[in-house]
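The residues making up each chain are set out below.
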Amino acid sequence: MEHKKTMKVQIEEISATGYQLDFGTVFESAFENYKKIALYAGLMLLVFSILISIIMLAGLISYLGIENIEEFGNKMKQMSTLKVMPLEIAVPLNAGLILISAIISPFTAGFLKMADCGEQGEEFHVSTMFSYYKFPYFSTIFISVFLIGIISSGLTMLLENVGLSFVGTLTTLLISFITFLTIPLIVFGNLNATDAIKNSIILVSKQPLILIGLSIVAGIGAALGIFGLCVGVFFTWPFMYSMNYIIYKSIIGFEDTSEIDEISGIED
């Protein structure tokens, strides 16, 4: 209970006075953290991506029938040439993508857990990646990602259909940016979905320029793996999770007696 009160007080103080981030220090710390988890995290990301691709392909074949796969592929090619996808296709497609994203988000949250283990010098295993499929984390992460996805996709489709596709793209990027601390606030701060989203926006708004710079650098670093026969991106992408973890740690910090590993109640 004391930890929850401390979290509330910290965020209230930050809302009132702001916080300081040193670009170089955060980047260096994120890179050091990344080096501790890069190989294992990359392997996990590669294996998980292959499994998800197989499951999704099997589901698609089961739903459409193998004889209709080629026709479906041709339709998708035709749709990709359209400036604006028809709503009768865009709505169910986006809904499906949001649902899939919400389901796998607790797995990606496991990279934050791995980053914390690496920072603390603790061992991490395959089970680490599934730490947040436990109650009550799964439902909270699911709801937060689903809410963000619905708002982002809804606004983007609306703007696209009134001829403002570029603004729609910028809106998607902006929402992703201001909410990127949502999952760390859930898994480390024990906040509920709406509080995590709200407080992520508050925290990001206090130092937007530095955080944009760090996000861009992290994104560039993560994308460099594409030059390693594309497979390399699986081993560079975890840098994004290390960066998010270090940013959260630099802003909020952790108590000496960490409660991260305890599965306690999420704040109502």
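Residues numbered from 1 in each chain as written. Predicted model: local features only at pLDDT ≥ 70, side-chain atom pairs only at ≥ 80, totals over all residues. Heavy atoms only, no water.

Details of the overall build of the protein chain
And then number 1: Looking only at helices and strands, the protein chain has 11 helices and zero strands in total.
And then number 2: Listed N to C, the secondary structure of the protein chain is α-α-α-α-α-α-α-α-α-α-α in terms of helices and strands.
And then number 3: The C-alpha radius of gyration computed for the protein chain amounts to 20 Å, which stays within 12% of the reference 18 Å derived for 268 residues, consistent with globular compactness.
And then number 4: Burial analysis of the protein chain (268 residues in total) assigns 38% to the buried set.
And then number 5: The long-range fraction of contacts in the protein chain, counting pairs at least 24 apart against all pairs at least 6 apart in sequence, stands at 76%.
And then number 6: For the protein chain, the accessible area works out to roughly 14,600 Å², and carbon and sulfur atoms hold 68% of it.
And then number 7: Here the protein chain contributes 13 positively and 23 negatively charged side chains, and the mean placements of these two sets differ by 4 Å. (Helix = DSSP H or I, 4+ residues; strand = E, 2+ residues; numbered from the N terminus. Rg over C-alpha atoms; globule rule 2.2 N^0.38 Å. Buried < 20%, exposed > 50% of the residue type's maximum accessible area, 1.4 Å probe, protein only. Contact = heavy atoms within 4.5 Å. Areas by Shrake-Rupley, 256 points an atom, 1.4 Å probe, with all protein chains shown as cover. Lys, Arg positive; Asp, Glu negative; His and termini not counted. Charge placed at Lys NZ, Arg CZ, Asp CG, Glu CD.)

Here's the deal with the packing of aromatic side chains
And then number 1: Taken as a whole, this structure holds 20 aromatic pairs when the rule is applied.
And then number 2: Arranged with centres 5.2 Å apart and planes meeting at 70 degrees, the rings of Tyr132 and Tyr137 form a pair that is edge-to-face.
And then number 3: A relative accessible area of 1% means that Tyr132 is categorised as buried.
And then number 4: Given a relative accessible area of 0%, Tyr137 falls into the buried group.
And then number 5: Among the aromatic side chains, those forming a connected cluster through ring pairs are Phe48, Phe107, Phe111, Phe130, Tyr133, Phe138, Phe142, Phe146 and Tyr241. (Phe/Tyr/Trp six-rings, centres within 6.5 Å; stacked < 30°, edge-to-face > 60°.)

Quick word on the confidence of the model for the protein chain
And then number 1: Residues with a pLDDT of 70 or more make up 90% of the protein chain, whose mean pLDDT is 86.
And then number 2: pLDDT under 50 marks residues 257-268. Its contacts with residues more than four places away, or in other chains, come to 34 contacts. (pLDDT = per-residue confidence, 0-100.)

So, the nonpolar core
And then number 1: If you look at the biggest cluster of nonpolar residues, it comprises 52 residues, and the most contacted ones within it are Ile141, Leu181, Leu185, Val187, Leu211, Ile247 and Ile251.
And then number 2: Contributions of two or more residues to this core are made by helix 1 (2-17), helix 2 (23-64), helix 4 (87-120), helix 5 (137-161), helix 7 (182-187), helix 8 (193-206), helix 9 (208-223) and helix 11 (238-251).
And then number 3: In terms of residue count, helix 2 provides more of this core than any other element does, nine residues in total. (Core = buried A, V, L, I, M, F, W, Y, C linked by side-chain atoms within 4.5 Å.)

Observations concerning helix 2
And then number 1: In this model, helix 2 (42 residues) spans only 50 Å end to end at C-alpha, well below the 62 Å of a helix rising 1.5 Å per residue.
And then number 2: Within the span of helix 2, buried status applies to Val26, Ala30, Asn33, Tyr34, Ile37, Ala38, Ala41, Gly42, Met44, Leu45 and Phe48.
And then number 3: Where the residues of helix 2 are buried, they touch helix 4, helix 9, helix 10 (233-236) and helix 11.
And then number 4: Looking one or two places after helix 2, you find Gly65, whose phi comes out positive at around 90 degrees. (Expected span 1.5 Å × (residues − 1).)

Observations concerning a nonpolar patch on the surface
And then number 1: Among the surface-exposed residues, Ile151, Leu155, Leu158, Val162, Leu164, Phe166, Val167, Leu170 and Leu173 lie close enough to one another that they form a single nonpolar patch of about 860 Å² accessible area.
And then number 2: Contributing elements (two or more residues each) for the nonpolar patch: helix 5 and helix 6 (165-178).
And then number 3: Relative to the assigned elements, Leu158 resides in helix 5.
And then number 4: On the accessibility criterion, Leu158 (54% relative accessible area) is exposed. (Patch = residues over 30% accessible without salt bridge, like charges linked within 9 Å, V, L, I, M, F, W, Y side chains within 5 Å. Salt bridge = Lys/Arg side-chain N within 4 Å of Asp/Glu carboxyl O.)

Thoughts on the side chain of Asn190
And then number 1: On the secondary structure map, Asn190 appears in the loop between helix 7 and helix 8.
And then number 2: Assessed through its relative accessible area of 3%, Asn190 is described here as buried.
And then number 3: Within the structure, the side chain of Asn190 is placed 2.9 Å from the side chain of Tyr137, a separation counted as a polar contact. (Polar contact = N/O pair within 3.5 Å; in protein donor to acceptor, adjacent residues only side chain to side chain.)

Comments concerning the pattern of salt bridges
And then number 1: Within this structure, the stated rule accounts for three salt bridges.
And then number 2: A salt bridge links Lys35 to Glu32; its shortest N-O distance comes to 3.1 Å. One end of the pair is Lys35 and the other is Glu32, both in helix 2 and three residues apart, which spans about a single turn.
And then number 3: A salt bridge links Asp195 to Lys198, with the nearest nitrogen and oxygen atoms 3.8 Å apart.

Quick notes on the environment of Leu43
And then number 1: Topologically, Leu43 is positioned in helix 2.
And then number 2: Among the residues examined, Leu43 registers a relative accessible area of 41% and is labelled partly exposed.
And then number 3: Sequence separation between Leu43 and Leu99 is 56 residues, and the spatial gap between their C-alpha atoms is 25 Å.

Brief notes about helix 4
And then number 1: Look at helix 4: 48 Å from first C-alpha to last across 34 residues, which is about the 50 Å you get at 1.5 Å a residue.
And then number 2: Along helix 4, the helix axis deviates most sharply at Ser105, where the bend reaches about 40 degrees; the proline Pro106 sits within four residues downstream.
And then number 3: At the exit of helix 4 stands Gly121, carrying a positive phi of roughly 75 degrees. (Bend = angle between axes of the 7 residues up to and from the residue.)

Points about unusual backbone geometry
And then number 1: Here the residue pair Phe135 and Pro136 is connected by a cis peptide bond, since its omega of 5 degrees sits within 30 degrees of zero.
And then number 2: Mapped onto the elements, Pro136 comes out in the loop between helix 4 and helix 5.
And then number 3: Notably, Asn190 is not glycine yet its phi reads approximately 55 degrees, a positive angle.

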